[in-house]
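Breakdown of the fold
Residues per chain are reported as follows:
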Amino acid sequence: MIKYYSADYVLPVSTLPVKRGIVAVGVSGEIVNVYEDGSPEIDKKNIEKLDGILVPGFVNSHCHLELSHLHKKIPQDTGLIPFIENVIKNRHSNQQEIDDAIISADKEMYENGVVAVGDVCNTLATKPTKLASSIYYHSFIELICFDPEKAKDVFRAGGELLTDFDPLNSSLVPHAPYTVCKELFRYLNKFCGKSGELLSIHNQETEEENKLYRYKLGGFLEFYKNLNIDIEFFKPQARNSLQSCIPLMSKKAKILLVHNTYTSMKDVYFIRRTNRDISICFCPNANLYIENRMPKIEMFLFDDLNITLGTDSLASNQKLCILSELKTLHKNFPELALKDTIAWATLNGAKYLGIDEKFGSLEPGKKPGLNLITNVNGLSLTANSEVKKLI
Ligand SMILES: [Zn+2]
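Residues numbered from 1 in each chain as written. Predicted model: local features only at pLDDT ≥ 70, side-chain atom pairs only at ≥ 80, totals over all residues. Heavy atoms only, no water.

This paragraph deals with the layout of surface pockets. Counted as a void, the largest pocket has a volume near 850 Å³. Forming the boundary of the largest pocket are 36 residues, of which Arg 91, Asn 122, Glu 142, Ile 144 and His 175 lie nearest the centre. Breaking the lining of the largest pocket down by element, the ones donating at least two residues are helix H1 (80–90), strand S10 (136–143), helix H4 (151–164) and helix H7 (219–226). Of all the elements, H1 adds the most residues to the lining of the largest pocket, at five residues. Grouping the constituent residues of the lining of the largest pocket by class yields 21 nonpolar, nine polar and six charged. Lining the second largest pocket are 20 residues, with Lys 327, Thr 328, Leu 381, Thr 382 and Ala 383 sitting closest to its centre. For the lining of the second largest pocket, the elements supplying multiple residues, two or more each, are helix H11 (322–332) and strand S17 (386–389). (1 Å grid on protein atoms, 1.4 Å probe; cavity = no way out; pocket = protein on both sides within 12 Å on 5 of 7 lines; lining within 4 Å. Points joined across faces, edges and corners; volume = space filled by probe spheres on them. Helix = DSSP H or I, 4+ residues; strand = E, 2+ residues; numbered from the N terminus. Nonpolar A, V, L, I, M, F, W, Y, C, P; charged D, E, K, R; others polar.)

Written as structure tokens, this is what we have:
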């Protein structure tokens, strides 16, 4: 039997908002159609009338489920380098605690209306939860190695972990410009070169990353000294990390640049000029948690750039909730319109992950999930807006 839901607004994402629209959903969760108010095809008695905005299920394009046990354990506002040092110090814990936190984080995302996730992994810890979950996961198997001599071994170990993730969708990715040497980029390039893999990388989350690349100065020199890693081989590049690293990546890869908190106007021009498939992921709450700074989002607002949203991990966020990211975004950038940013939270993430045939918009035949956002003001969010998963 077809179920009908109506609300003050329906945001199908692929088409314009529908005031007092009605969404028809089939028995297995497939969208049958979106109707205008008063459509003659619909029997009014069967409509479930709701207050708020109906939107497709959310897509979280950047998370680290395996760090969920670090919830409330890492201090805020320290800046990125002390944050990383704290994660390194605290990430090892007993396996039961790690596993329980992963299970509960997956459940939390499900309840918050998330239907698909791009999730960064350094271990196999999340595999059982992902296999059992109703959420779609793509696992980014993350490689970290700044020492050229160790690059081959790190790449090989990453390849083994990638195989261990079978049959889940996964790809090998570099962690960040300050932790991946040219040699490791080269191995990844060869690997991605054939298939056009999804390649996600943390980008310019701290100004120290640019200082390292431009002048070989800043906090990462001390960071590597403390880890007893000699970075003598690294030469300053006289340009920002983004401009140095994008050319090292395969031309066929679908690149997701995550954070972009210290990306400059020049870097944005570079992105626009370079003939690469680049998407941009913002994680507003994590940026405030770690660096207490937001990316200059207005620089990225040009038509053809695919912008997505992520929560990052519970090590740097109070919750794994895309609505909460949208609320922070709109609070800091009141000129943004929800009818636009809702695409960042749904269809654009689905497009990046290559799953937009099923997810991301309320279009006939898709099974994108259905969320109700309550406590809204017309087509705007309020501080009290909440998400309720309907399907
Ligand atoms: Zn991250």
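So that's the structure; there's more coming.
Attention shifts here to empty space enclosed by the protein. According to the stated counting rule, one finds one cavity of 30 Å³ or more in the structure shown. The space that makes up the largest cavity amounts to roughly 30 Å³. Contributing to the lining of the largest cavity are Pro 177, Ile 201, His 202, Asn 203, Ser 241, Leu 242, Cys 245, Ile 246, Met 249 and Leu 257. Elements supplying a minimum of two residues to the lining of the largest cavity: strand S12 (198–203) and helix H8 (241–245). Across the lining of the largest cavity, the residue classes break down as seven nonpolar, three polar and no charged.

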